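Listed below are the residues making up each chain.
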Amino acid sequence: MADLQHTHELAYDDDVVTKRFVDSKPGAAEREWRALTLLAEHAPGLAPEPIMFEEGVVRMSRIAGVPLRGLFERGVHLAAMADALAELYAAVPAQVLRTLPVRPWQRQAVVDWVSRRGAGWRPRDPLSDRAVKEGLRWLERWSPGEAGITPVFGAGDGNLANFLWDGSRVRIVDFEDSGRSDLAYELAELAEHVSMWVDGEVEIARRFELSPHEERRMRECRKVQALVWLFLLSHEHPRNPPGTFERQVERVLATLGA
């Protein structure tokens, strides 16, 4: 799950990047290494090349590019981002994907986290209090079906800064929460990440064809992801403009139809 905590340190040496993970995120280095190894085999060029792995540390190639946060050629960049995501989602062969662990922070873990944050919510202002109340009420009734989903390899982080434009294509970094997932869930997490709307709505999900069932699942998953960000943004963070939390409150209420 996306959060606002520091999870790793990066060191650069010419064309090599060393990523050292904090002890409080177990398994992150292993997931990053597995993703880079799989993508190097099945989607070469989409992500950094794996170089070395040791406990808590991954060394990889450095890829050139500008993060897509603050898109300035929206049409071109969105098309390239959609191409990169489609390549990522389809990269791992089905027989291999079935053997991979489910990525962290899937539905039940997110529901539990939101429920705990909601239970500990202290009254703040009428609108945000209403968003929390309506969100928890909806969460109690939520029971999304798992049938009819499209299995994919998911990166596990919807931050727009993880998509790098190199002048001709988009490439992807940051796979510490990657693993087996499904298309609707990945698109929902991506669509609701704060970076995808705070500087102007980036509607990447519309570029993917979903079945009616997956459309419904994505809408429901967007609701729970919006609640995640309600709590994450409840304390302003310097990387986001002032008023971001208030905008998130409005997004939650609109998403819930409340």
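Heads up: the structure comes first, above all this text.
Structure report, in brief.

**Notes on the sheet that holds strand E5 (residues 66–67)**
In spatial order, the strands read E5-E7-E8; together these 3 strands make up an open sheet with antiparallel pairing. The open sheet has two free edges, formed respectively by E5 and strand E8 (170–172), since each of these has just one partner strand. Where strand E7 (residues 163–165) and E8 come together, 3 bridges link them in antiparallel fashion. Looking at E8, one finds that Phe 163 is bridged to Ile 172.

**Section: the pairing of strand E1 (residues 8–13)**
Looking at chain direction, E1 and strand E2 (residues 16–21) are connected through 6 bridges and run antiparallel. In the strand pairing of E2, Glu 9 is matched with Arg 20. What sits between the antiparallel neighbours E1 and E2 is a turn of 2 residues, in which Asp 14 has the positive phi angle 55°.

**Some details on helix H5 (residues 126–141)**
Taking 1.5 Å as the rise per residue, H5 with 16 residues should run 22 Å; its terminal C-alpha atoms sit 23 Å apart, in good agreement. Three or more residues of H5 are buried, namely Ser 128, Ala 131, Val 132, Gly 135, Trp 138 and Leu 139. Axial view of H5: buried residues confined to an arc of 135°, hence all on one face. Exposed positions of H5 whose direction lies more than 90 degrees from the buried face are Pro 126, Lys 133, Glu 140 and Arg 141. Where H5 is buried, its residues touch helix H4 (107–119), helix H7 (212–232) and helix H8 (244–256).

**Thoughts on the sheet that holds strand E4 (residues 57–61)**
Across the sheet, 4 strands lie side by side as E1-E2-E4-E3; this open sheet has antiparallel pairing. Of all strands in the sheet, those with a lone pairing partner are E1 and strand E3 (50–54), marking the two edges. Here the strands of the sheet are splayed against their neighbours by 15° on average, with no regard to which way each runs. The strands that helix H1 (residues 28–42) touches are E2, E3 and E4; relative to E3, the one it contacts most, it runs at about 155°.

Quick notes on the rules
Residues numbered from 1 in each chain as written. Predicted model: local features only at pLDDT ≥ 70, side-chain atom pairs only at ≥ 80, totals over all residues. Heavy atoms only, no water. Pairing = 2+ DSSP bridges. Helix = DSSP H or I, 4+ residues; strand = E, 2+ residues; numbered from the N terminus. Expected span 1.5 Å × (residues − 1). Buried < 20%, exposed > 50% of the residue type's maximum accessible area, 1.4 Å probe, protein only. Arc of directions from axis to C-beta. Contact = heavy atoms within 4.5 Å. Axes fitted to C-alpha atoms, helices over the stretch in contact; angles between N-to-C directions.

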